[in-house]
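One letter stands for each residue in the lines below.
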Amino acid sequence: MLIPKYINVNGRLMDLSEAQVMGILNITPDSFYANSRKQTEEEITSRVRQIIDEGASIIDIGAYSSRPNAENITPEEELKRLRFGLGIIRRIAPDAVISVDTFRAEVAEACVEEYGVAIINDIAAGEMDAKMFDTVARLNVPYIMMHMQGTPHYENVVKEVFMYFAEKVDKLRSLGVKDIILDPGFGFGKTLEHNYELLNYLDDFKIFELPLLVGVSRKSMIYRL
C-alpha cells in the first residue's frame, strides 16, 4: 500500500519518505510542562533557534493550553499571543515551515493569511469549531487532525480511533482537502494502556494511506511503566 510521500507546504513539497521532526513552541503561560512555556521575545527566539539547530523541519506554535482547567482564553487573546510569536519566527527564520496549533477556524485563517503559516494542527479534529473543515479546504493547507475524547473509556480503543478517523477523512475528502495528517492523540483521553495499545497497532494506520504525526510525552507515556 502506497503512503503519500509529500505534502505541499507553501508551494513546496515536503518529503515524508523519511520521518520529519516537529519542534514545539509553546507560548502559553499555563501549559502541562512549565519548562516548555516561552513568552518573552528572548525566550521565543532562543527556542526557535534551538528547534532549527536541532534539525526540526516544522515549528509548531501554540497559544492555547489544552491542560485540564487551563484558562479558556478568547480568540482575540489567542491571536494576540500568536501574532507576537509568529512575528518573531518570521524575523529570525523567514523560510521556516510553521504549523499553528489551534482548534479555531478564525485563528487558523488569520495565521495563514497574515504570516504564511503552512499547516493547521487541530487537536479537536473540527469538533470544537464547525467552520474548521470548510476553512482548511478554502485555505488549501495541510491539516493535522488529532483524536481526543474527554474520558478514557473505550470498548476497543484501536477500532474506535479508526472509525473516528474514517468518518473525518471522508468528510475532508468531500470538501477537497488534499493533505491530511492523522494524529492518534497519545495521552489525550487515553490511559497508559490505551497509549501502548495504539502504539502497538500503529502500522495498521496504513489503511488510511495518509501520513501520521506521533507525539509521545513526559506527561502520558515516557518514563511511565
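Further up the page is the structure itself.
What this report covers is the structure whose coordinates are included nearby.

The rules behind each value
- Residues numbered from 1 in each chain as written.
- Predicted model: local features only at pLDDT ≥ 70, side-chain atom pairs only at ≥ 80, totals over all residues.
- Heavy atoms only, no water.
- Helix = DSSP H or I, 4+ residues; strand = E, 2+ residues; numbered from the N terminus.
- Buried < 20%, exposed > 50% of the residue type's maximum accessible area, 1.4 Å probe, protein only.
- Lys, Arg positive; Asp, Glu negative; His and termini not counted.
- Salt bridge = Lys/Arg side-chain N within 4 Å of Asp/Glu carboxyl O.
- Polar contact = N/O pair within 3.5 Å; in protein donor to acceptor, adjacent residues only side chain to side chain.
- Expected span 1.5 Å × (residues − 1).
- Contact = heavy atoms within 4.5 Å.

**Looking at the environment of Leu199**
And then number 1: Topologically, Leu199 is positioned in helix H6 (residues 192-200).
And then number 2: Taking the C-alpha atoms as reference points, Leu199 and Val216, separated by 17 residues in sequence, lie 9.8 Å from one another.

**So, the side chain of Asp122**
And then number 1: Checked against the element boundaries, Asp122 lands in strand S6 (residues 119-122).
And then number 2: Although buried, Asp122 forms no salt bridge, and the nearest oppositely charged side chain, Lys168, lies 7.8 Å from it.
And then number 3: Within the structure, Asp122 has its side chain in polar contact with the backbone nitrogen of Gly126 (distance 2.8 Å).
And then number 4: Among the polar contacts made by the side chain of Asp122, one reaches the side chain of Tyr143 at a distance of 2.6 Å.

**Observations regarding helix H1 (residues 41-53)**
And then number 1: Under the 1.5 Å per step criterion, the end-to-end length of H1 is 18 Å for 13 residues, consistent within 8% with the ideal 18 Å.
And then number 2: Of the surrounding elements, those touching the buried residues of H1 are strand S3 (22-26), strand S4 (58-62) and helix H2 (75-92).
And then number 3: Gly55 sits one or two positions beyond H1 and adopts a positive phi of about 90°.

**Description of the pattern of salt bridges**
And then number 1: Per the counting criterion, the structure on display carries seven salt bridges.
And then number 2: The residue Arg91 makes a salt bridge to Glu41 at a minimum N-O spacing of 3.2 Å. One end of the pair, Arg91, is in helix H2; the other, Glu41, is in helix H1, and 50 residues separate them in sequence.
And then number 3: Judged by its relative accessible area of 55%, Arg91 falls in the exposed class.
And then number 4: For Lys168, the salt bridge goes to Glu127, with nearest N and O atoms at 2.7 Å. Here Lys168 is found in helix H5 (residues 157-175), whereas its partner Glu127 is found in the loop between S6 and helix H4 (132-139), with 41 residues between them in sequence.

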